[in-house]
There are 2 protein chains.
Amino acid sequence: MEAEILRVAAEELARHGAAALSLRAVAREMGMASSAIYRYVRDRDELLTRLIVAAYTSLGDAVEAAHATVDPADLDGRWWAVGTALRDWARSHPHEYALLYGSPVPDYRAPAEQTNEPGTRVQALLVRLLADAQRVGRLRDAAAGIAPGVQVRAEAAAGPLLDDPFFADAGLDAPAVMAGLAAWTLLLGTVTTELFEQLGDTIPDPDAYFAYMLEVAGRLVLTPATATVHS
Amino acid sequence: MEAEILRVAAEELARHGAAALSLRAVAREMGMASSAIYRYVRDRDELLTRLIVAAYTSLGDAVEAAHATVDPADLDGRWWAVGTALRDWARSHPHEYALLYGSPVPDYRAPAEQTNEPGTRVQALLVRLLADAQRVGRLRDAAAGIAPGVQVRAEAAAGPLLDDPFFADAGLDAPAVMAGLAAWTLLLGTVTTELFEQLGDTIPDPDAYFAYMLEVAGRLVLTPATATVHS
DNA sequence: AAAGAAACAAGAGCACCGCTCACACAAGTG
DNA sequence: CACTTGTGTGAGCGGTGCTCTTGTTTCTTT
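For the structure given in this document, a descriptive report is provided here. (Residues numbered from 1 in each chain as written. Chains lettered and ligands numbered in written order. Predicted model: local features only at pLDDT ≥ 70, side-chain atom pairs only at ≥ 80, totals over all residues. Heavy atoms only, no water.)

This brings us to the protein's contact with DNA strand C. Taken together, 16 residues lie around DNA strand C, and Arg39(A), Tyr40(A), Leu23(B), Arg24(B) and Arg28(B) are the ones closest in. Sugar plus phosphate, as a fraction of atoms of DNA strand C within 4 Å of the protein: 40%. Interatomic distance of 2.7 Å between a side-chain N/O atom of Arg39(A) and a base nitrogen of DNA strand C. Leu21(B) places a main-chain nitrogen or oxygen 3.5 Å from a phosphate oxygen of DNA strand C. A per-element tally of the surface near DNA strand C places helix H2 (residues 23-29) of chain B first, with 3 residues. Partitioning the surface near DNA strand C into residue classes produces 6 nonpolar, 4 polar and 6 charged. (Near = heavy atom within 4 Å. Polar contact = N/O pair within 3.5 Å; in protein donor to acceptor, adjacent residues only side chain to side chain. Helix = DSSP H or I, 4+ residues; strand = E, 2+ residues; numbered from the N terminus. Nonpolar A, V, L, I, M, F, W, Y, C, P; charged D, E, K, R; others polar.)

Here you go:
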């Protein structure tokens, strides 16, 4: 029953977006009185939370599936797989993506204890990617070759972050974490920009546009493969 | 009168956000009957449009003011000024920023003829910055040193964009435009991430975090000059 | 099998929203 | 003076989230 509610709500979300999600509409769709819904859902916020978890799970499944098809030694291929899987999922689930990575729904705070774990699956994948890159010496500081002060900033910005087991378990240092965050931010920003048409739908070739951005983002964190291939 | 409505609506927006903006609340605040508002505002969408234009203007003023204080020859300083002004404005006007660069308000499309010009002032500033960088030979392709295929992608992605007078007037080529877009995307993504606490409010030192990202974004588009670091 | 408890569903109702309409009233204009 | 124009009101429609009371069904315990 609750699953059925979630299913109908997900349809409603995919069609009209999160802000237009109406409990009454869900009840109507199911042939119930609007008040009957409250037997199974505390309030609108709880339904939103469940939808967020479902969306994170759907996204995580899609990205992990794409990632699993790539040779683990092929770091660039893994980055490319994760990025394109994220973009593809976002383009086929625009409202869900907006719910996860867009501006927050007003007067709603996602309860961390329910959304944290499913919400970090993609990032966890990237952390493993970074750790593997570090192992084979292909990890690059995004600020490499920049003014020396930036390195200090990276330490200041990321230092305390390293205590988080999320990063600590992978054995990453501050520059690696910051480089990863830069690449992740550029990736998300690119997808967001494309999805919300903030460029005034003037991107002539979205695929090439995204491929370019994904490559640039990847180079913030990975050194070119040819540089480390000895014989 | 219309100005007064806009003023009250802006207050309401700053306090409760765009999605919670209520015409009735504005009327109530002004001591009018809710129906009287419709003498001056066609509907909620029109009010939103006016608020968007006002926000773009406010942001443009702030960024241009900060930019004007920098020596035009100091390219890094200009980038830094624009970026920090954008971030400062966003942090002091979070709901307005969400309205401009967050996920779109459901069932609302901003009319381009009213928002295009004020909405591109900051980008116009950056285009001028890129043009100046090109003039002094400090323009950098974000994909410099990357696999050769990326250059082709840049042409495919940005080629038709160059016909837009917005870029054509500055005399930029495809790699320059794409590098600029990458830097802009990373900048916006960084501000968005910080503002919407998508990192789970775990950023220990937001200022250092932003300074790092701004520097990385700047290096996507500008080659290093003399080692001048801004604090 | 009877009785009680738990679960489920319905409907009325409250306060809010966007928006429309008929109406009243003032001021300026021919 | 009549008349148009601008301005404001109140009622009302359909929509929302949510609560509360009532009634019905189903499961469980004796």
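Here we come to the side chain of Arg121(A). All names here are of chain A. Note on placement: Arg 121 falls in helix H7 (residues 121-135). Judged by relative accessible area, which is 16%, Arg 121 ranks as buried. Those residues within four positions of Arg 121 in sequence are excluded, and the remaining contacts are Tyr 56, Thr 57, Gly 60, Asp 61 and Glu 64. (Buried < 20%, exposed > 50% of the residue type's maximum accessible area, 1.4 Å probe, protein only. Contact = heavy atoms within 4.5 Å.)

Right, let's get into the pattern of salt bridges. Taken as a whole and judged by the stated rule, the model has 32 salt bridges over all chains. The salt bridge involving Asp207(A) is made with Arg91(A); its shortest N-O contact spans 4.0 Å. Of this pair, Asp207(A) sits in helix H11 (residues 206-219) while Arg91(A) sits in helix H4 (residues 75-92), and the two are 116 residues apart along the sequence. The shortest N-O distance in the salt bridge between Arg87(B) and Glu194(B) comes to 2.9 Å. (Salt bridge = Lys/Arg side-chain N within 4 Å of Asp/Glu carboxyl O.)

What follows deals with the packing of aromatic side chains. Taken as a whole and assessed by the stated rule, the structure comprises 8 aromatic pairs over all chains. Taking 5.3 Å as the distance between ring centres and 85° as the angle between the ring planes, the aromatic pair formed by Phe166(A) and Phe167(A) counts as edge-to-face. Here Phe166(A) falls in the partly exposed class, since its relative accessible area comes to 28%. Since its relative accessible area comes to 13%, Phe167(A) is described here as buried. Taken together, a centroid distance of 6.2 Å and an interplanar angle of 80° make the contact between Tyr56(B) and Tyr101(B) edge-to-face. Residue Tyr56(B) is located in helix H3 (residues 44-68), and its partner Tyr101(B) is located in helix H5 (residues 94-101); the two are separated by 45 residues in the primary sequence. (Phe/Tyr/Trp six-rings, centres within 6.5 Å; stacked < 30°, edge-to-face > 60°.)

Read these as layout, nothing more, since geometry by itself doesn't imply function.
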